[in-house]
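The residues making up each chain are set out below.
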Amino acid sequence: MGFNPCVNIRKEWDIVGARQLGREHAKELGFGTVDQARIATAISELARNIYLYAGTGKVCFEIINQLDKKGLKIIAVDKGPGIRDISQVMQDGYSTSGGLGAGLPGVKRLMDHFEIRSDSGEGTEIEAIKWVR
Amino acid sequence: MESVKLDLENYRKLLKEYLLTNDETALYQAEQFSKLSVQHNISPEEIIHVHIEALKELYPELPREVSDSLNFLLEAMISYGLALQEYQFLRAKQSELESEISVAASMQKTLLSTVKPDIKGLEIGAVSVPANSMNGDYYHFVTDKEGTLGIALADVIGKGIPAALAMSMIKYSMDSFPENQRQPSMILENLNRVVERNVDPSMFITMFYGLYNPESETFSYASAGHEPGFYYHASEGMFEEIEARGLVLGATEHTTYQQFVNHIKKDDCIILLTDGVTECRVGDRFIERDEVLQVIKDYIHLPAQEAVDSVFKYFERLQDFHLRDDFTLIIIRKKV
């Protein structure tokens, strides 16, 4: 691959870098402007979570090229404290009511596929895919 | 006027019409379009996208700054789109909860149902209406072979689901007491123990238990901190408070309740109620007990059931059909 697939998240500024890289991939894959904006927002949320709760981590991209469909996979990984109660953070209104933005339910809505693995003390890994329509 | 269709073609047509004519009709149709979009779960960023596309088709030479600025706007709308989806999800969830509660409420009705008994020489009227879907007031009639009538009336401080759950417990405890144990003071003492052991100390239950004996024409009763009822002297047209003091149920482990006896004369009434009646609120003001009595007096000439229904309707109207608390009123009249 001709690009560095990951962006390290250490400071708030890195969120912009992750968005930028994600948007470039999205454009290349032929996503429309609305989907580009949604992908960028999902990346923001994931990167922001890393920055706020884990301190450091990375956001990586993978282009999926299947016979019948193409898509962009975002992988957000950190070695932070992990999420103790996943069902709670996946609940609607849990983060939005605190003014923290769309939160993980938002990411799930913005994307087509969403997977989360997290263990208390072991960090968190989130994978999200958007398919080109 | 033709109906508005939810597509790019139509949006472009409306936009063009508006740009040409600056006409209110087009704006009205834009409003229809907006409503339809919300109904179909279409988020604001999608509308802006449609707008950009329509504009580009109408003006192929659109300045780059304008088209870029619209893309900027689209980006700024993303969170609103998410909020809309969340709202729709929560609304669906709410109606799910509401239907669950209504199932619980009808189950409660079945569990706590009581039949107004037919006792020779007595006329009984009872009404109990919850402020929300579940009732925290509870009344129950018990009869036996000797023709005595037991009346239980309880009120959980607080309303809604916790209150309703506590009431089911009261009812089943009473059912489990032996048949021969009918003395009001004993019943309250036993219930006090049950409540003390099983209910959170922050929850209080007040209760009145009365026992009418047709043979001796007496009414024995005891109260666990319950809103005092009234004895109506028909001959003088006067109300007398039914005095009975006692601690609310569950306050301490061992409480004794004093039992009182009244002789009941022909045409006199026993009026039992919960504080949902006496604490009716009109605006910011609680109505006075005297006002409650006046209202009851206005209807006391009616048959007992009609009387309680009329009193309830009066207070319901007074409070703009929005009860602040569960409302229960019982009138028992001695006919012979």
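Heads up: the structure comes first, above all this text.
In this report, the structure presented in the accompanying data block is examined.

Definitions and limits used
- Residues numbered from 1 in each chain as written.
- Chains lettered and ligands numbered in written order.
- Predicted model: local features only at pLDDT ≥ 70, side-chain atom pairs only at ≥ 80, totals over all residues.
- Helix = DSSP H or I, 4+ residues; strand = E, 2+ residues; numbered from the N terminus.
- Contact = placed C-beta atoms within 7 Å.
- Pairing = 2+ DSSP bridges.
- Axes fitted to C-alpha atoms, helices over the stretch in contact; angles between N-to-C directions.
- Parallel < 35°, antiparallel > 145°, perpendicular 65-115°, else oblique.
- Left-handed = near helix turned anticlockwise from the far one by under 90°.
- Nonpolar A, V, L, I, M, F, W, Y, C, P; charged D, E, K, R; others polar.

**With respect to the overall build of chain B**
Secondary structure summary: chain B contains nine helices and twelve strands in total. When contacts within chain B are restricted to residue pairs at least 6 apart in sequence, those whose partners lie at least 24 apart make up 70%.

**Thoughts on the sheet that holds strand 3 (residues 70–78) of chain A**
All names here are of chain A. Judged by pairing direction, the sheet is antiparallel, and its five strands sit side by side in the order 1-2-3-5-4 without closing on themselves. Every interior strand has two partners, whereas the edge strands, strand 1 (6–9) and strand 4 (113–119), have only one. With direction set aside, neighbouring strand axes in the sheet form an average angle of 15°. In terms of strand pairing, strand 2 (residues 57–65) meets strand 3 through nine bridges, oriented antiparallel. Note that in strand 3 the partner of Phe-61 across the bridge is Ile-74. The sheet contacts of helix 1 (residues 12–29) involve strand 1, strand 2 and strand 3, and relative to strand 1 the element is tilted by about 160°.

**Details of the packing of helix 2 (residues 33–54) of chain A against helix 4 (residues 64–111) of chain B**
Geometry of a packed helix pair, given as the angle between the helix axes and the separation of the axes. For the pair helix 2 of chain A and helix 4 of chain B, the least separation of the axes is 10 Å and the interaxial angle reads 50°. Regarding the angle of helix 2 of chain A to helix 4 of chain B, the classification is oblique. For the element pair helix 2 of chain A and helix 4 of chain B, the recorded crossing hand is right-handed. Every residue of helix 4 of chain B that contacts helix 2 of chain A at A:Thr33, A:Val34, A:Ala37, A:Arg38 and A:Thr41 is listed here: B:Asn71, B:Leu74, B:Glu75 and B:Ile78. Its residues assigned to classes, the contact of helix 2 of chain A with helix 4 of chain B shows four nonpolar, three polar and two charged.

**Thoughts on the packing of helix 3 (residues 44–58) of chain B against helix 4 of chain B**
All names here are of chain B. Contact geometry for helix 3 and helix 4: axes closest at 7 Å, N-to-C directions at 160°. Compared by their axis directions, helix 3 and helix 4 come out roughly antiparallel. Judged by the twist between their axes, the crossing of helix 3 over helix 4 is left-handed. Residues Pro-44, Glu-45, Ile-48, His-49, His-51, Ile-52 and Lys-56 of helix 3 touch helix 4, and the partners they reach there are Ser-67, Leu-70, Leu-73, Leu-74, Met-77, Ile-78, Tyr-80 and Gly-81. Each residue belonging to the contact of helix 3 with helix 4 can be placed in one class, and the counts come to nine nonpolar, four polar and two charged.

**Examining the sheet that holds strand 3 (residues 149–156) of chain B**
All names here are of chain B. Read from one edge of the open sheet, five strands run 2-3-4-5-8, paired in antiparallel fashion. Looking at which strands have only one partner, the edges of the open sheet turn out to be strand 2 (137–143) and strand 8 (260–263). Ignoring which end each strand starts from, the neighbouring axes of this sheet average 15° apart. Bridge count between strand 4 (residues 205–213) and strand 5 (residues 218–224): six bridges; the pairing is antiparallel. Bridge assignment links Phe-208 to a residue of strand 5, and that residue is Ser-223. Its contacts with the sheet place helix 5 (residues 161–176) against strand 2, strand 3 and strand 4, and it is angled at close to 155° to strand 3. Lying over the sheet, helix 6 (residues 184–198) contacts strand 4 and strand 5, oriented at roughly 155° with respect to strand 4.

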